[in-house]
Amino acid sequence: MTRARAAAASQKQRGVSPPKPNPKWGREEETEYFAKKVKLFRQGKISEDDFRRFRLQHGAYGSRLHADYSMVRIKVPSGEITADQIEKIASLSEAFSIGSAHVSTRQNIQLHWVQLEDVSEVMRGLVESGLTTREACGNTVRNVMCSHFAGVCPNEAFDATPYSMAVARFFLRNPMCQNLPRKFKVNFGCCEKHGLVKVADIGLVPAIKEIDGRQVKGFRVYLGGGLGAASFIGHPLEDFTPEDRVLSTCMATVRLFDRHGNRENMARNRMRYLVHETGWEKFQKMVLKERTAVEMTTSLATAASYDVESQVDKRALPKSNGIVKLPMFDKVTKDSPAFERWLHTNTVPQKQQGMFTVFITLGAGDITASQLRVLASAIRELSAEGVARTTPQQNFAVRYVRGSDLKEFFDRLSTAGLANPGALTVASAVGCSGTTSCNLAITNSHRLAKEVQRRFLELGLDTDDSLADATIKISGCPNSCGQHEIATIGFFGGATRIGNTMSPTYTMLFGGSAGEQGELGRAIMRVPAKRVIDTILKIIETYRTERSQGETLHQWVVRIVKGQGAGNVKNLDDMKKVLVPAIQLPPAESDPDAYRDYGSDSKFTAKTARGECAA
Amino acid sequence: MRGLKKAAKAKVKPKIKARAVKVAKKAKGAPGFVRLPIVCDADLLRTLVRKKSVRVVDVRRAEDYKAGHIPTAVSLPLARLLENDSPERVVQILEELGITEKMPVVVYDDTFGALAARVAWTFQYVGHTNTALLEMTFSQWKGLGLEVEAKENTFKRAKHPLSVNKEMYADAPYVEAAQSQQGKLLVDSRERLNFLTEHIPTARNIPYTMLGSNGSILRKADELKRMIENRGIPQDSEIITYCGSVGTLSGLAYYALKLAGYNNVKLYPKSFKEWKSLGKPKDEFKEANYWDLSAE
């Protein structure tokens, strides 16, 4: 029997779907084109500014204080990635990057420290597996996100994935969005709770409405949200946007932004500023009016390139082999068997009976090439849909795993050090790349997020269900790639003189959240980098003594922000008083390390260079 | 698995005859001996083994060799060679292994070709030019279900001349001079993070990790050529490769550059380890915490 046939037979036995076809996001000719432009740039025939725009439009971001290297951002539309693609990324990361890949908070996968001259080779490899870096950076429509629960969420109206894919396809390489005032982000949710719909330029949540006795599919659309140095929550456009108006709504919004957005002041040129400055009611009217114009003028040919139907997964997904009795323990502790602890914190039952979504806990999104290969083979053989989704929590979600296969899945992950628990708990801290590779970063937020996770898992905090809905998100500067403003406890990096010593510090924020009810966190106080973990632990300790019956950490923090605490800690002022001892540093002479950043054995200096988020 | 082996064999066999004829025709100069390309593929090696007209050199550890190796292979662990790799001693080794002047020699390892490359380079350096790298590692060979034997092979001692090829070699003073010379280029073949941490000033990084591809210790010539040309390195450059300690990774880079059509390549076998021990200057990049991105 050939290997292929053997694999096919074993798939049949397990009931895994045939693999998804190559999505063909990438284009071969773009790789050649990129290599050619790099040569021209090196020969001095293209100016640095011009080349930067070109490079960013093709998804290569300059690396921290070293222009010879790039961060290659691989778009993963809707976060959906096949086993073949994961294996390809593994090989490319070994060949041209640092042997690890990195899941971003916008569902991209990034390869860091790639030599500029090798970017075209990375692109070439990606094209083979159907991926692209085109428009992953630059002033255009970035990776279109979709909740990783879309299609399996028990509370969703319908699966938003095909819409998300169709929007991504429509805007990719579309002349109408190649030179926007600034980047543009579209996020799809699945239900009220999941998805980053209120912090995107356009956020969409699937909904069904009865119109003339007919059940009509559509969306609740939010416009003008976004995270950054100044963040805004999106505004609801209308009660309900029927599915046949999704494209025109998106086009109208992009067109308005293109026409009216600020092209002068880079610090205020995201669409949220335009919405803010115009005033929501006026902007809303403009959108509705523009939408009608779009609908009356768009050619059929243009409209046809938005094709939801073609994006529907038409494979008949195999059924589960019935309900499996699983040890879904009410309670686990840090002494529980590793499998039980993992099951408790890393798996979620789907609306499809007997099927589970499994989460792979990564440290701030990092995964090695060999781990990627283990993951790919587990997906290929144990996920009935044969794909994974990247998550904004910088983990992987593998869906359609049968209850009866969970143990095997866990065992396979264990062999590669991928079976850490805590993916769906407070332990799964988010951290942007920070000073590991970003020009704008002031602090090493990336390492800090990993340290938080390591410490929390050591302490078994993942096993405390009352902490599970709280989130910790860390950015290395105010620009919010770590999404600190939608965390229960968020942090963004800065530099502060403490005594006579310049020190890495984080501004701590409280009470942010994602989803349709999402709110932005409130800045509370500055915490030295090396005191962050102890400060969070102090917050948890205080919560445990102060909470009301059944109240989760997140609920408690939100209540404190509102000044509605019941016990000794009623409001943020009380909270600050409790935390002041936790943030104190010993004198610099006795403990110089306390004034250094994570990953550094020398004196801290805040060094940044021009950002490349905008070109 | 059994089925797989059969399939692999069946696939390999018919190709062999055609290839063998082609190669035999090409052979000129040395009657009876084939002139090897830089990389020897499995088909060609199997033909030569069958015809008993090749010396196969296994550079893995002695115990790995004993557990099974490619038929007719002799054992020369890299460590043994490195104990004393003076040209005189290397020629003695060639003689001990029964290698005559024109005999084709194919070297293999189980370390993505880097150890084999260091040995092959040493053989060529002392004058045994007809040396090639096997296209794959021993694990891959075995994985394809190709022939393996456990018997320890020895051959009658041979005579081999010593003819050092200085063109292939660079030492620290040579490297130091080359740093400022037009048309000469240093290539560091260590992994990216090691390179960023510290390297010989002016060196460019071509990590060994980009040289191979699945199933082959080196990519195809045209791919390698494209990747090196992307770096804007002119074909007529003189390139000196080095790595961390003993010239294995850079040995592989040496052959990759050769395969890509760069003829003027040198190896600095004592590499960065010696450079540092001599207290020579190095470039360091400390502006980013790149090590913290690694998921290791």
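Residues numbered from 1 in each chain as written. Chains lettered and ligands numbered in written order. Predicted model: local features only at pLDDT ≥ 70, side-chain atom pairs only at ≥ 80, totals over all residues. Heavy atoms only, no water.

Asker: So what's going on with the overall build of chain B? Which residues, and what values?
Answerer: Across its full length, chain B holds 12 helices and 11 strands. Residues counted as buried form 53% of the 296 residues belonging to chain B. Expressed as a percentage of contacts within chain B between residues at least 6 apart in sequence, the contacts between residues at least 24 apart total 72%. If you sum the accessible surface of chain B, you get close to 13400 Å²; carbon and sulfur atoms cover 53% of it. (Helix = DSSP H or I, 4+ residues; strand = E, 2+ residues; numbered from the N terminus. Buried < 20%, exposed > 50% of the residue type's maximum accessible area, 1.4 Å probe, protein only. Contact = heavy atoms within 4.5 Å. Areas by Shrake-Rupley, 256 points an atom, 1.4 Å probe, with all protein chains shown as cover.)

Asker: Break down the packing of helix α5 (residues 119–128) of chain A against helix α10 (residues 221–230) of chain B for me, citing the residues and quoting the values.
Answerer: The description of two helices packed together rests on the angle between their axes and the distance between the axes. At their nearest, the axes of α5(A) and α10(B) sit 9 Å apart, and the two run at 140° to each other. Considering the angle they form, α5(A) stands oblique to α10(B). Taking contact as the criterion, the partners of S120(A), E121(A) and R124(A) in α5(A) are, on α10(B), R226(B), M227(B) and N230(B). Tallied by class, residues from the contact of α5(A) with α10(B) come to 1 nonpolar, 2 polar and 3 charged. (Axes fitted to C-alpha atoms, helices over the stretch in contact; angles between N-to-C directions. Parallel < 35°, antiparallel > 145°, perpendicular 65-115°, else oblique. Nonpolar A, V, L, I, M, F, W, Y, C, P; charged D, E, K, R; others polar.)

Asker: Lay out the interface of chain B and chain A in plain terms, naming residues and giving numbers.
Answerer: Chain B puts 26 residues into the contact, and the matching count from chain A is 39 residues. Summing both partners gives a buried area of about 2700 Å² for chain B against chain A, and 51% of it is carried by carbon and sulfur. For the interface between chain B and chain A, the tally reads 4 salt bridges. At the surface where chain B touches chain A, the tally comes to 18 residue pairs in polar contact (both at pLDDT 80 or more). The residue inventory of the side of chain B that touches chain A, partitioned by class, reads 12 nonpolar, 6 polar and 8 charged. (Buried area = accessible area lost by both parts, 1.4 Å probe. Salt bridge = Lys/Arg side-chain N within 4 Å of Asp/Glu carboxyl O. Polar contact = N/O pair within 3.5 Å; in protein donor to acceptor, adjacent residues only side chain to side chain.)

Asker: Any details on the environment of D405(A)? Residues and values, ideally.
Answerer: As for its position among the elements, D405(A) is in the loop between β16 (396–402) and α13 (406–415). Expressed as a C-alpha distance, the spacing of D405(A) and W556(A), which sit 151 residues apart in the sequence, is 37 Å.

Asker: Talk me through the pattern of salt bridges; I want residue IDs and the actual numbers.
Answerer: Think of it this way: side chains of opposite charge can pair up when their charged atoms draw near. Tallied over the full model, the rule gives 64 salt bridges over all chains. Its salt-bridge partner being E290(A), residue R259(A) comes within 2.7 Å of it at the nearest N-O pair. Here the residue R259(A) occupies a position in helix α7 (residues 246–260), and E290(A) occupies one in helix α9 (residues 280–297), the gap between them amounting to 31 residues. On the basis of relative accessible area, R259(A) is assigned to the partly exposed category, the value being 47%. A relative accessible area of 9% places E290(A) in the buried class. Across the salt bridge formed by D64(B) and R61(B), the nearest N and O atoms sit 3.4 Å from each other. A relative accessible area of 26% places D64(B) in the partly exposed class. Salt bridges sharing partners connect three or more residues here, namely K20(A), E80(A), D313(A), R315(A) and R389(A).

Asker: Please set out the domain arrangement of chain A residue by residue, giving values where relevant.
Answerer: Residue and element names in this part refer to chain A. Domain annotation of chain A identifies domain 1 (28–128), domain 2 (145–311), domain 3 (316–415) and domain 4 (430–595). Relative to domain 3, the C-alpha centre of domain 1 lies at a distance of 30 Å. Facing the 24 residues of domain 1 at the interface are 23 residues of domain 3. Both faces considered, domain 1 and domain 3 share a buried interface measuring about 1900 Å² in area, 55% of it formed by carbon and sulfur atoms. When residues of domain 1 are sorted by the area they lose upon contact with domain 3, A83, I86 and V103 head the list and together hold 28% of the total. If you look at where domain 1 meets domain 3, you find 4 salt bridges. Residue R373 pairs with E94 through a salt bridge whose shortest N-O separation is 2.7 Å. (Domains from an automatic or database assignment.)

Asker: Lay out the sheet that holds strand β10 (residues 265–267) of chain B in plain terms, naming residues and giving numbers.
Answerer: Residues and elements named next belong to chain B. Pairing in this open sheet of 4 strands is parallel, and the strands run β8-β6-β9-β10 from one edge to the other. Each of the sheet's edge strands pairs with one partner strand only, and the pair in question is β8 (204–205) and β10. Of the strand pairs in this sheet, strand β6 (residues 184–188) and strand β9 (residues 238–242) are connected by 5 bridges, and their pairing is parallel. Note on β9: the bridge partner recorded for D188 is Y242. Here helix α11 (residues 249–259) sits on the sheet in contact with β9 and β10, set at roughly 170° to β10. (Pairing = 2+ DSSP bridges.)

Asker: I'd like a rundown of the environment of E340(A), residues and numbers included.
Answerer: Position of E340(A) among the secondary structure elements: in helix α11 (residues 338–346). For E340(A), a relative accessible area of 22% corresponds to the partly exposed category.

Asker: Now, about the side chain of H58(A): what can you tell me, with residues and values included?
Answerer: Among the structural elements, H58(A) can be located in the loop between α3 (48–57) and β1 (60–63). Beyond its immediate chain neighbours, meaning those up to four positions away, H58(A) contacts Y33(A), F34(A), M123(A), T133(A), R134(A) and E135(A).

Asker: Can you explain the packing of aromatic side chains? Please cite residues and give values.
Answerer: Enumeration over the complete set of coordinates arrives at 29 aromatic pairs over all chains. Linked through ring pairs, Y33(A), F34(A), F41(A), F51(A) and F54(A) together constitute an aromatic cluster. A cation over a ring is seen here: K530(A) above Y598(A), with NZ or CZ 5.2 Å from the ring centre. The side chain of R55(B) reaches across the aromatic face of F155(B), ending 3.7 Å from its centre. (Phe/Tyr/Trp six-rings, centres within 6.5 Å; stacked < 30°, edge-to-face > 60°. Lys NZ or Arg CZ within 6 Å of the ring centre and 35° of its normal.)

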